[in-house]
Amino acid sequence: MITREIRLAAQIAGVPALDHFAVATTEVDGQVLVRTDQIGLAATYLELMRADCTIPVPAWQPGQRVGVAAIGTVVRSDSPELAVGDLVQSMTGWSEYSAGPAAQYIKLDPITDPGHYLGQGPTAFYGMADVAGVGEGDVVFVSGAAGGVGSLAGQIAKCLGAARVIGSAGSPAKVDYLVNELGYDAAFDYHDGSAVDRLRELAPEGISVFFDVVGGEQYQAALRTARPGARFALCGSLSSQLGDAAERFPKPDHAAAQARGIRLLPFSCHHTPDQIAAWREHFGTWLDEGRFVYPQTVIKGGIEDVPQAFLSLLQGSYRGNVSVRLS
């Protein structure tokens, strides 16, 4: 089978651009042939495109297909484990078709919206429930709250019993979205004045949990408004991924965290089957109970449109979990 795929043309050193990617034609063959239907996008993939990748997995090399989470349909199979028409998930990534051994694919239950399988729920749930240990009475601040992880993390905190959940976002429309659609108790536009002042206004007694996907100024604002013994679940640092953060943000004041007994809890976004199963169980229950909204943006297009969709995600153009549904 001849297919088109997106490869990394050059590893990224500064701000990512379209010329870091290239469309290539290749042949795929294997025990199972799968048509890619939907591809998940996440800001964390940018780290794997850098030469100085800090994630403890091999960075993608120039000429290599971008291999991220994708959902597809089996169109040919020589395996007793998968039949034609089965819905499967894999890490085959930015390609119109993929092929390989049956063990490369995870069979999924057919659901109305298979895009749910591509969401960043396991990261949000693990960070809130296991790392931060959110519970009754907590006052929670989520940075980047309108993104794929943050839009789920705030809702998870509410479902786990948090007394108040505050989010930051990059526009008035996203602030409105957080409060009126996702159930955040309060939110603010981080472009609108000092983040410290906004947090002091919205959480006058301080925050007890910070779920961070941004870093930079918002991380420091959380340090200055945290209660003694607060827990910081450090998921990402998007503010430093799109350029030279050292020139834009001062260094974090870890001395303040130490003096007030704040627990800094960085965690990985790579999950075990048990963590994924825990998320899906809670997600299904909360969805059925009407306590949860699944926020997502689905872009329709061809494989050649995926790089631009990824760059737009990094620039904050979308809300919720983002995927591309291939036409």
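- As named in an unreviewed UniProt entry, the chain is NADP-dependent oxidoreductase, taken from Nonomuraea zeae.

**Examining the domain arrangement of the chain**
Item 1. Domain boundaries in the chain define domain 1 (2–113 + 295–326) and domain 2 (121–266).
Item 2. Of the residues lining the interface, 15 residues belong to domain 1; the matching set on domain 2 comes to 15 residues.
Item 3. Roughly 1,100 Å² is buried in total at the junction of domain 1 and domain 2, and carbon and sulfur atoms are behind 53% of that figure.
Item 4. The tally of links between domain 1 and domain 2 comes to zero salt bridges.
Item 5. Taken together, domain 1 and domain 2 are joined by four residue pairs in polar contact (both at pLDDT 80 or more).
Item 6. Taken together, the residues that form the side of domain 1 that touches domain 2 break down as seven nonpolar, five polar and three charged.

**Structural notes on the sheet that holds strand S12 (residues 226–234)**
Item 1. In space, the six strands of this open sheet follow the order S10-S9-S8-S11-S12-S13, with parallel pairing throughout. Bordering the open sheet on either side are strand S10 (186–189) and strand S13 (263–266), each of which pairs with just one other strand. Across this sheet, the average inter-strand angle for adjacent strands is 15 degrees, counted without regard to direction.
Item 2. In this sheet, S13 lies alongside S12 in parallel orientation, the contact comprising four bridges. Bridged to Phe232 within S13 is Leu264.
Item 3. With respect to the sheet, helix H2 (residues 121–131) is in contact with strand S8 (139–142), strand S11 (207–212), S12 and S13, its orientation differing from that of S11 by roughly 150 degrees.
Item 4. Across the face of the sheet, helix H6 (residues 216–225) comes into contact with S8, strand S9 (164–169), S11, S12 and S13 while running at roughly 150 degrees to S12.

Each value, and the rule that gives it
- In every chain, residue numbers begin from 1 and rise along the written sequence.
- In keeping with the model being predicted, local features are shown solely for residues with a pLDDT of at least 70 and side-chain atom pairs are shown and tallied solely at 80 or more, while totals for entire chains, interfaces and linings include all residues.
- Hydrogens are left out, water is left out, and the side-chain values use all remaining heavy atoms of the structure.
- These domain boundaries are the output of an automatic or database domain assignment.
- Contacts: residue pairs with any heavy atoms within 4.5 Å of one another.
- Buried area: the sum, over both parts, of the accessible surface (1.4 Å probe) that disappears when the two are put together.
- In what follows, salt bridge is the name for a side-chain nitrogen of Lys or Arg lying within 4 Å of a carboxyl oxygen of Asp or Glu.
- Polar contacts, as counted here, are pairs of nitrogen or oxygen atoms within 3.5 Å of one another; within protein the pair requires one atom able to donate a hydrogen and one able to accept it, and residues that are adjacent in sequence qualify only if both atoms are side-chain atoms.
- Basically, the charged four are Asp, Glu, Lys and Arg, the nonpolar ten are Ala, Val, Leu, Ile, Met, Phe, Trp, Tyr, Cys and Pro, and anything else, Gly included, counts as polar.
- The pairing criterion for strands is at least two bridges between them, as found by DSSP.
- Here a strand is any run of E in DSSP of at least two residues, a helix any run of H or I of at least four, and the numbering for each starts at the N terminus.
- Lines are fitted to the C-alpha atoms to define the axes, a helix being fitted only along its stretch in contact, and any angle between axes, read from their N-to-C directions, falls within 0 to 180 degrees.

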